[in-house]
Amino acid sequence: MSALHLVTGGDEPRRRVLVADLVARRPGARVLTWGDESVHEDARDHAPAALAVLTTSAEDLLLAAELPGEVVRDLTAVLRDGDLLALLGAAAVLAGAPGEDLEDVVLLVPPGSDPARLVALPDRAARLARSLVPLVARWDAVVAPAGIGLPRPPAATIDALRAVAHLMDLLDARLCGDATVHHLPADGLVEAGRTAELALALALMGRWVADPTAAVDQAMDPARGASGPDGSSPGGSAVGAADPDGAAAAAPQAAGAAGGAAPLVPRRPLPGLTARDITLEREDDDLVVTAGRRSRCTRLSPLHRRCRVVDASMRAGVLTVELEPDESVWPR
């Protein structure tokens, strides 16, 4: 599997040095970015045509679903987000073609992009695309029976929705799992705020931020230290490192899939967070964990959807949720 390195933050000199170092250590690695006047590949050029299909019909689809106007505007903005186009392109490169040798990818995020919003965008876009599939598939029955006057969405819409959901799920899994996120903030309050928000966003994804303000010392000056065994930059500039207690921050698992957990006691790692930092809510078939201004949804398994939450606790950065069967929906 190809490696993914996400480079964020506004410290341009260190960004340039880090990217050069990553490419030198990984011959053949592809550097993707987006924005103006870049010498690297534009990630947007690799985005599938699926998004173009959706951006032309997204607002009509959402309005037909009779959602509130502000919700329609918010969801439409997701599908028309310039960063989403770049992320789709990066995901397409990571996925590759069948039988193709996959190359390592360095995704250089423009300094002006909000890294916390960026790492959360794949999951948000995938959930939105999946939610629209049944709406389009049952258009005549659910939205506009024949003769009512609303045109059907283009025939390619369902395939486009599924393509977007698939690529964004793939990228989200990498960001929650083995991707390395290098955050190199510049000085100033704006960058400090973005660093704090990124720490929250990644914690909700099961990632630990070791030291988001550390320099890439090895890349800047090889005499300062050796690189890690995987070639990642030392000095704590990469997120997704081990937590202070020595336990690696595992990627979040689907509810009910945590190893060794009882069937009705799903667990979710939230490294660096405590019970005081989070709120937990049940929304239909999702568990929603919120920390500060950031939220992350986990879809419950079919078994857990027929249960109700009776208790929850946090210990050593792991959220444990206790469920019990809901007799009103359990088969008799």
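The coordinates are above.
Figured I'd write up the structure that's included with this text. Note that the structure is a prediction, hence the values are computed from the model and not measured. (Residues numbered from 1 in each chain as written. Predicted model: local features only at pLDDT ≥ 70, side-chain atom pairs only at ≥ 80, totals over all residues. Heavy atoms only, no water.)

**Observations concerning the nonpolar core**
Judged by nonpolar contacts, the single largest core of 56 residues is most densely connected at Leu4, Leu6, Leu84, Leu88, Leu107, Met168 and Leu171. Within the residue set of this core, elements represented by two or more residues are strand E1 (4-8), helix H2 (50-64), helix H3 (69-79), helix H4 (82-95), strand E4 (105-108), helix H5 (115-137), helix H7 (157-176) and helix H8 (189-204). Excluding anything up to four places from it in sequence, Leu84 contacts Leu51, Val78, Leu79, Leu121, Ala125 and Met168. Grouped together as the second largest cluster of nonpolar side chains are 14 residues, Ala291, Leu300, Leu319 and Val321 included. (Core = buried A, V, L, I, M, F, W, Y, C linked by side-chain atoms within 4.5 Å. Buried < 20%, exposed > 50% of the residue type's maximum accessible area, 1.4 Å probe, protein only. Helix = DSSP H or I, 4+ residues; strand = E, 2+ residues; numbered from the N terminus. Contact = heavy atoms within 4.5 Å.)

**Thoughts on the side chain of Arg174**
Mapped onto the secondary structure, Arg174 falls in helix H7. Look past the residues within four positions of Arg174 in its chain and what remains in contact with it is Met1, Ser2, Ala3, Leu4, Leu94, Ala179 and Arg207.

**Looking at the environment of Ala58**
Considering the arrangement of structural elements, one finds Ala58 in helix H2. Take Ala58: its relative accessible area is 1%, and that puts it in the buried class. Along the primary structure Ala58 and Ala77 are separated by 19 residues, whereas in three dimensions their C-alpha atoms are 9.5 Å apart.

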